[in-house]
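Descriptive analysis of the structure
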Amino acid sequence: MTMTKAIFLFLLAAVVGLFTSSVTADNPLVTHMYTADPTARVFNGRLYIFPSTDITCKEGFGNNGFRMPSYNVFSSQDLNRWTDHGLIVDQSEVPWGVKDGFGMWAPDVIEKGGKYYFYFPNIPTDKSAFRRIGVATADRPEGPYTVMETYVEGIKGIDPNIFIDDDKQAYIYWGGGEELFGARLKDNMLELASKPQVIEKLPAKYKEGPFVFKRDNIYYFTFPHAPDGSEELAYATGTSPLGPFEYQGLFMERWRDGQWTNHHSIVEYKNQWYVFYHHHQISKNQHLRSMRADYLFFDSAGRIQRVEPTLRGIGVARATSKIQIDRYSRLSDKHVKVSRRNDNDLPAAWIVDRVQSGGWVNYDRVDFAAGEANALEVSVASKTLGGTLELRLSGSEGELLAEVPIDDTGDWDNWRLFSAPLKRQVTGVKNLSFLFKGPKNTALFSVDWVRFKRVDAEAH
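Since this is a predicted model, take the numbers as computed values, not measurements. (Residues numbered from 1 in each chain as written. Predicted model: local features only at pLDDT ≥ 70, side-chain atom pairs only at ≥ 80, totals over all residues. Heavy atoms only, no water.)

To continue, consider unusual backbone geometry. The phi angle of most residues is negative, glycine excepted, and most peptide bonds adopt the trans form. That bond from G143 to P144 is cis: its omega, 10 degrees, falls within 30 degrees of zero. Note that P144 resides in the loop between β8 (132-138) and β9 (146-147). Cis geometry marks the peptide bond from L346 to P347, where omega comes out at 0 degrees. Summarising the element assignment, P347 is placed in the loop between β23 (338-340) and β24 (350-352). One non-glycine residue, K201, lies in the positive phi region at around 65 degrees. Note on placement: K201 falls in the loop between β13 (197-198) and β14 (211-215). In this structure, R354 takes a positive phi of about 50 degrees despite not being glycine. Along the polypeptide, R354 turns up in the loop between β24 and β25 (360-368). (Helix = DSSP H or I, 4+ residues; strand = E, 2+ residues; numbered from the N terminus.)

Next comes the structure, spelled out in structure tokens:
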């Protein structure tokens, strides 16, 4: 990469970071582009995600239906607002790689000695393997990155993962197929310090995407595994970075809705563990995926507890932000449905669609700063007589906080704002319930978002 190009990419990343931020911690984490294979890392007190990029696959391009040309990086400090720092490596910048192969699959990044090493697979021009693993380096997590002139010798495969142990020894893992591999890295982080070895005693059938981490002196070797249909997330444990490992089973069930792949990373941030993964809820196309995240927990013996994917995701929402209650924590089993507002266009958006009386939506973890809000505002559309939206704390039997009367807005696509005062001041992190009331057996209204605001007395 030339100095001029590096400066350009750095400035571009800065501009993108200023103007393309998400205000939600819900799933998917990003809705303005397709992102898969998210690797989450904590650098300098901030959580970064390095995903691959999915774009629509045209005939004659891509691999196995995937068309993946480049990588972006995202970051957050509160896990609620995510900044897109922009593109960091593109296939056209890889000296040893095919320039239009669209084979930039799952990456990883690690920091050592103040330098950031970004590892990625690509199709080599010398046709020496299906994929080789390249490295790009930077002085900051968000770049700019300089791609090394050649790939790492001795590795043929996909999905690189890097782990640095407490003694500062670095290891690299990779796979794709019936076997997964590992090896030590030299201090320069660019060469193998040992011969690749097979990670033994793992279950048969296809495996990829290894991700290794250490907790309480236990080494966790995690990976997507496809024993029957689509990929489940599974793991093994051991007392050494290269094993032997003992297989422990799955911790996330396989998708059963047409999404074959899953690919993950696991990270601890501010004393809480998280798993990052992907799904195709936006596109309904298994080759156009979106990264997601959920909480991860361990039992007293260190076993990973089963993860149930959610729409609510992670993070604490600010009360004064636009809260998408369609990314619910829980939903009544009737009288409520969630629909896409904008069909298949990006950025993606959903609504709580044409609710009926008796329906409800719970949305957890909303943070109220003292004195910042005394009213609830709702973006609503209706083509009926409307109804009432009730706000309560922690379930339908919780304390009533507000009652917002909803009128006919003229059409289901005609969105208007309705508001009502809070019955008392609310502070701290609260779990909220939104209940819908009105005439029975008819659609009342649709809800796009809600937020809390401050209304001064003199404004009335």
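Let's shift gears to the confidence of the model for the chain. Of all residues in the chain, 93% attain a pLDDT of 70 or more, and the chain-wide mean is 93. Considering only residues more than four positions removed or in separate chains, one finds that residues 1-23, a stretch of pLDDT under 50, has 30 contacts. (pLDDT = per-residue confidence, 0-100. Contact = heavy atoms within 4.5 Å.)

On to a negative patch on the surface, then. Taken together, the side chains of D407, D408, D411 and D413 define an acidic patch exposed on the protein surface. Among the secondary structure elements, D411 is positioned in strand β29 (residues 411-421). Take D411: its relative accessible area is 30%, and that puts it in the partly exposed class. (Patch = residues over 30% accessible without salt bridge, like charges linked within 9 Å, V, L, I, M, F, W, Y side chains within 5 Å. Areas by Shrake-Rupley, 256 points an atom, 1.4 Å probe, with all protein chains shown as cover. Salt bridge = Lys/Arg side-chain N within 4 Å of Asp/Glu carboxyl O. Lys, Arg positive; Asp, Glu negative; His and termini not counted. Charge placed at Lys NZ, Arg CZ, Asp CG, Glu CD. Buried < 20%, exposed > 50% of the residue type's maximum accessible area, 1.4 Å probe, protein only.)

The next subject is the sheet that holds strand β7 (residues 115-122). Across the sheet, four strands lie side by side as β6-β7-β8-β9; this open sheet has antiparallel pairing. Only two strands of the sheet have a single neighbouring strand rather than two, namely β6 (108-112) and β9. Relative to β8, β7 is paired through seven bridges, and the arrangement is antiparallel. The residue of β8 that forms the bridge with F118 is A136. (Pairing = 2+ DSSP bridges.)

Counting 34 residues, the largest nonpolar core has L376, F436, V447 and F452 as its most contacted members. Going through the elements one at a time, β25, β26 (375-382), β27 (387-393), β28 (400-406), β29, β30 (428-437) and β31 (446-453) are the ones with two or more residues in this core. Counting 19 residues, the second largest nonpolar core, distinct from the first, contains F50, V89, W96 and F118. (Core = buried A, V, L, I, M, F, W, Y, C linked by side-chain atoms within 4.5 Å.)

This paragraph deals with the sheet that holds strand β12 (residues 181-184). The four strands lie next to each other as β10-β11-β12-β13, forming an open sheet whose pairing is antiparallel. Because the sheet does not close on itself, it has two edges, and the strands there are β10 (158-164) and β13. Direction of pairing for strand β11 (residues 170-175) relative to β12: antiparallel, over a ladder of four bridges. Within β12, the residue paired with Y171 across the bridge is R184.

Empty space among the atoms can be located by rolling a probe the size of a water molecule over them. There is about 620 Å³ of room inside the largest pocket. Lining the largest pocket are 23 residues, and of these R41, I110, F163, I164 and V267 sit closest to its centre. Elements supplying a minimum of two residues to the lining of the largest pocket: β2 (34-43), β6, β10, β14 and β18 (265-269). For the lining of the largest pocket, the residue count by class is 14 nonpolar, one polar and eight charged. (1 Å grid on protein atoms, 1.4 Å probe; cavity = no way out; pocket = protein on both sides within 12 Å on 5 of 7 lines; lining within 4 Å. Points joined across faces, edges and corners; volume = space filled by probe spheres on them. Nonpolar A, V, L, I, M, F, W, Y, C, P; charged D, E, K, R; others polar.)

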